[in-house]
Amino acid sequence: AFLPLNALGNWQLASPDGHLETRLSLDEAGRAGYQVYRNGQPVFELSPMGIRLDSGDFTQGLQARGEPERQVVTDAYELLTGKRTDIEYRASQLRLELVNPDGRAFTITLRLSNDGLAYRYEFAGHANKAQRVIGESSGVRFFKDTRAWLQPKAKVKTGWKNTNPSYEENYLQDIPVGTPSPTEAGWVYPALFRHDRNWILLSETGMAGSYSASNLAQNSEDGLYRIRFPQQGETVNKSDRIAESDAAFHTPWRLVLVGDLSTIVDSTLGTDLAEPAAMTDTSFVKPGIAAWSWGLLKDDFTIYPVQKDFIDYAADMAWDYVLID
């Protein structure tokens, strides 16, 4: 079992407003774990961290190399749509380098803002050899009396035109933690939980296209919800399911939003930590009225003659667009 305090190491990180605290620790087996506190009270149990590559195991036998780097991270950006236009991000950051029994190093970076925790694993390049990700130990272990609001992930290549998972399943609401997903594919993000007066939302962000997206595993024994990587059939264009790189790389940010329900709803942590927009000139994007056949006529009328009629109708009405769905 993980120990919250032990001889191998324990490091604390406080949010800018002081209401949240993250504790990162190593147990006697050299396994990394973390826990989030709100106003001095734990939000969930000590939870596992770690990652496995084909070139090394970074889940146990870890030792800290030196003292962590600490700094305050700030950012400001504009959203064209969404919750707010002008966003200011501020977080406390801790970067700790850990070494596995083979002498291989990686860095855990944590950022704690007023609305939650984000963490990721970072690796330097490995000369003359690509590093392939095997799996992660990352997860959150909830207290047994926690409740959950979760959407099952549909089985791949089922449903209309074999387009699942299309993330249109019904959420199971206010269920006990540890309830298995009705599908082998597990649960999707965002995943919402409540313990006492604390709401917790799990997700990920900072997807740069070089690392596979994840979701939560089907089974969560003892309230432990682990990362699940894509399975066979969940890729397009025969691309690889799992990340591989011969250069420096990092995982996406794992997000653990914490607060009251309004904090969760108002949070922009997903965009705060996302990669910067590749498109900078959006002047060509203009709002306008659109004709839309599916909204009225549904699936049987998404055919060429009907679309042609709607295009003619939009032209007659001097509308800007036609939405073909």
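Below is a short write-up of the structure. (Residues numbered from 1 in each chain as written. Predicted model: local features only at pLDDT ≥ 70, side-chain atom pairs only at ≥ 80, totals over all residues. Heavy atoms only, no water.)

## Looking at the overall build of the protein
At step 1: The helix and strand inventory of the protein stands at 4 helices and 25 strands.
At step 2: Based on the C-alpha atoms only, the size of the protein along its principal axes is roughly 75 × 45 × 40 Å.
At step 3: Here the protein holds 325 residues, and 45% of them are scored as buried.
At step 4: A sequence separation of at least 24 residues applies to 64% of the contacts in the protein between residues at least 6 apart.
At step 5: Looking at the protein as shown, the accessible area adds up to about 17,400 Å², and 50% of this sits on carbon and sulfur atoms. (Helix = DSSP H or I, 4+ residues; strand = E, 2+ residues; numbered from the N terminus. Buried < 20%, exposed > 50% of the residue type's maximum accessible area, 1.4 Å probe, protein only. Contact = heavy atoms within 4.5 Å. Areas by Shrake-Rupley, 256 points an atom, 1.4 Å probe, with all protein chains shown as cover.)

## Side note on the packing of aromatic side chains
At step 1: According to the stated counting rule, one finds 16 aromatic pairs in the structure shown.
At step 2: Between phenylalanine 106 and phenylalanine 123, the aromatic rings sit 5.5 Å apart at their centres with planes inclined by 20 degrees, giving stacked as the arrangement. A residue pair is termed long-range when its members are at least 10 positions apart, and phenylalanine 106 in strand β11 (residues 105-113) and phenylalanine 123 in strand β12 (residues 116-123) qualify at 17 residues.
At step 3: Residue phenylalanine 106 is classed as buried on the basis of its relative accessible area, which comes to 2%.
At step 4: Centre to centre, the rings of phenylalanine 123 and phenylalanine 249 are 5.3 Å apart; their planes meet at 10 degrees, and the pair counts as stacked. (Phe/Tyr/Trp six-rings, centres within 6.5 Å; stacked < 30°, edge-to-face > 60°.)

## Things to note about a nonpolar patch on the surface
At step 1: Judged by side-chain polarity, Met279, Phe284 and Val285 come together as a nonpolar surface patch covering roughly 330 Å² of accessible area.
At step 2: We classify methionine 279 as partly exposed; its relative accessible area is 48%. (Patch = residues over 30% accessible without salt bridge, like charges linked within 9 Å, V, L, I, M, F, W, Y side chains within 5 Å. Salt bridge = Lys/Arg side-chain N within 4 Å of Asp/Glu carboxyl O.)

## Some points on the sheet that holds strand β14 (residues 139-141)
At step 1: As summarised here, the arrangement of the 3 strands in space is β14-β20-β19, forming an open sheet in which the pairing is antiparallel. Here the strands that pair on one side only, and so sit at the sheet edges, are β14 and β19 (215-216).
At step 2: Where β19 meets strand β20 (residues 224-228), 2 bridges bridge the pair, whose relative direction is antiparallel. Residue leucine 216 lies in a different strand from β20, and its bridge partner there is isoleucine 227. (Pairing = 2+ DSSP bridges.)

## Section: the pattern of salt bridges
Two side chains bearing opposite charge may form a pair once their charged atoms approach each other closely.
At step 1: Per the stated rule, a full pass over the model turns up 12 salt bridges.
At step 2: With its nearest N and O atoms 3.1 Å apart, the salt bridge here joins aspartate 174 to arginine 147. Of this pair, aspartate 174 sits in strand β16 (residues 172-176) while arginine 147 sits in strand β15 (residues 147-150), and the two are 27 residues apart along the sequence.
At step 3: Aspartate 174 sits in the partly exposed class, given a relative accessible area of 35%.

## Details of unusual backbone geometry
At step 1: Proline 165 follows asparagine 164 through a cis peptide bond whose omega is 5 degrees.
At step 2: Tracing the backbone through its elements, the reader meets proline 165 in the loop between β15 and β16.
At step 3: A cis amide bond, omega -5 degrees, links tyrosine 189 with the succeeding residue proline 190.
At step 4: Assignment of secondary structure puts proline 190 in the loop between β16 and β17 (191-195).
At step 5: A positive phi angle is found at lysine 161, which is not glycine, with a value near 55 degrees.

## So, the environment of phenylalanine 58
At step 1: With respect to the helices, strands and loops of the structure, phenylalanine 58 is situated in strand β7 (residues 56-58).
At step 2: On a C-alpha basis, the gap between phenylalanine 58 and glutamate 136 in space is 9.1 Å, while along the polypeptide they are 78 residues apart.

## A short note on the side chain of serine 220
At step 1: Structurally, serine 220 is set in the loop between β19 and β20.
At step 2: For serine 220, the residues in contact, after removing those within four places along its chain, are Gly178, Thr179 and Tyr225.

## Some details on helix α4 (residues 304-316)
At step 1: Between its first and last C-alpha atoms α4 spans 18 Å; for 13 residues at 1.5 Å apiece the expected length is 18 Å, and the two agree.
At step 2: For α4, the set of buried residues is Val306, Gln307, Phe310 and Ala314. Down the axis of α4, the smallest arc covering the buried residues is 100 degrees, so these residues share one side. For α4, exposure combined with an orientation more than 90 degrees from the buried face picks out Tyr304, Ala315 and Asp316.
At step 3: Residues of α4 that are buried sit in contact with β24 (290-292), α3 (293-297) and β25 (321-323).
At step 4: Of the residues trailing α4, alanine 318 is marked for its positive phi of about 60 degrees. (Expected span 1.5 Å × (residues − 1). Arc of directions from axis to C-beta.)

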